[in-house]
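One letter stands for each residue in the lines below.
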Amino acid sequence: NFFLNNGGDIIKLKYKDKLIDEVAYGDFNDGNTSDNAPKPEKGQALARAQDSQDTNQDNNDWFITTTPTQGLINQITAPIIETTQTIQPQVSYGGGGGGGGGSSTPSYQAYQTGDVVINEIMYNVSGSDPSHEWLEIYNPGASEVDLNG
């Protein structure tokens, strides 16, 4: 069992002492809250935009979805604002500084064969939290990965 703070937290996936993946969301202070993934509201999930892809910027990699897809390919369905406008996920691409540079595509980290990654989180469910929270681990490889460790 695990319990996550609805306002913000960090989840780390480790194998022995090796950090495999992590995500900080909401107001969790990991030293840099500006790159945290957003905080979903009750009944929404936090999903990785591209299964098993990581830019090391949680605010680029994770989006709020109203369509939790536990065990399926992530589907980002943005929440509807009270004015019935739909929020479209925005991904910012590299660059910075003056000079007009910048990348036209995000730079994704490739995981090694055998790595598993955090792929989707549902921690602020409708109803009673403790028995309905879940965390999806994704194996991008073709081989089984032993999670006992």
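Above this text you will find the structure in question.
Here the structure is a predicted model, which means the values were calculated and not measured. (Residues numbered from 1 in each chain as written. Predicted model: local features only at pLDDT ≥ 70, side-chain atom pairs only at ≥ 80, totals over all residues. Heavy atoms only, no water.)

(A) Local environment of the side chain of Glu120. By secondary structure assignment, the location of Glu120 is in strand E5 (residues 117–122). For the buried Glu120, no salt bridge is present, and the opposite-charge side chain at shortest range is Arg48, 10 Å distant. At 2.7 Å, the side chain of Glu120 forms a polar contact with the side chain of Thr69. (Helix = DSSP H or I, 4+ residues; strand = E, 2+ residues; numbered from the N terminus. Buried < 20%, exposed > 50% of the residue type's maximum accessible area, 1.4 Å probe, protein only. Lys, Arg positive; Asp, Glu negative; His and termini not counted. Salt bridge = Lys/Arg side-chain N within 4 Å of Asp/Glu carboxyl O. Polar contact = N/O pair within 3.5 Å; in protein donor to acceptor, adjacent residues only side chain to side chain.)

(B) Main features of the sheet that holds strand E4 (residues 62–65). Taken together, 4 strands build an open sheet; the order of strands is E4-E3-E5-E6 and the sheet is antiparallel. Edge positions in the open sheet fall to E4 and strand E6 (134–138), since each of these has one partner strand only. Ignoring which end each strand starts from, the neighbouring axes of this sheet average 30° apart. Bridge count for strand E3 (residues 45–48) against E5 is 2 bridges, and the pairing is antiparallel. Residue pairing across strands places Leu46 opposite Ile121, the latter belonging to E5. (Pairing = 2+ DSSP bridges. Axes fitted to C-alpha atoms, helices over the stretch in contact; angles between N-to-C directions.)

(C) Structural context of unusual backbone geometry. You will see that Lys16, though not glycine, has its phi angle at about 55°, which is positive. In this structure, Lys16 sits in the loop between strand E1 (8–15) and strand E2 (18–26). According to the relative accessible area criterion, Lys16 is exposed, its value standing at 61%. One non-glycine residue, Asn56, lies in positive phi territory at about 65°. Counting through the fold element by element, Asn56 comes out in the loop between E3 and helix H1 (58–61).

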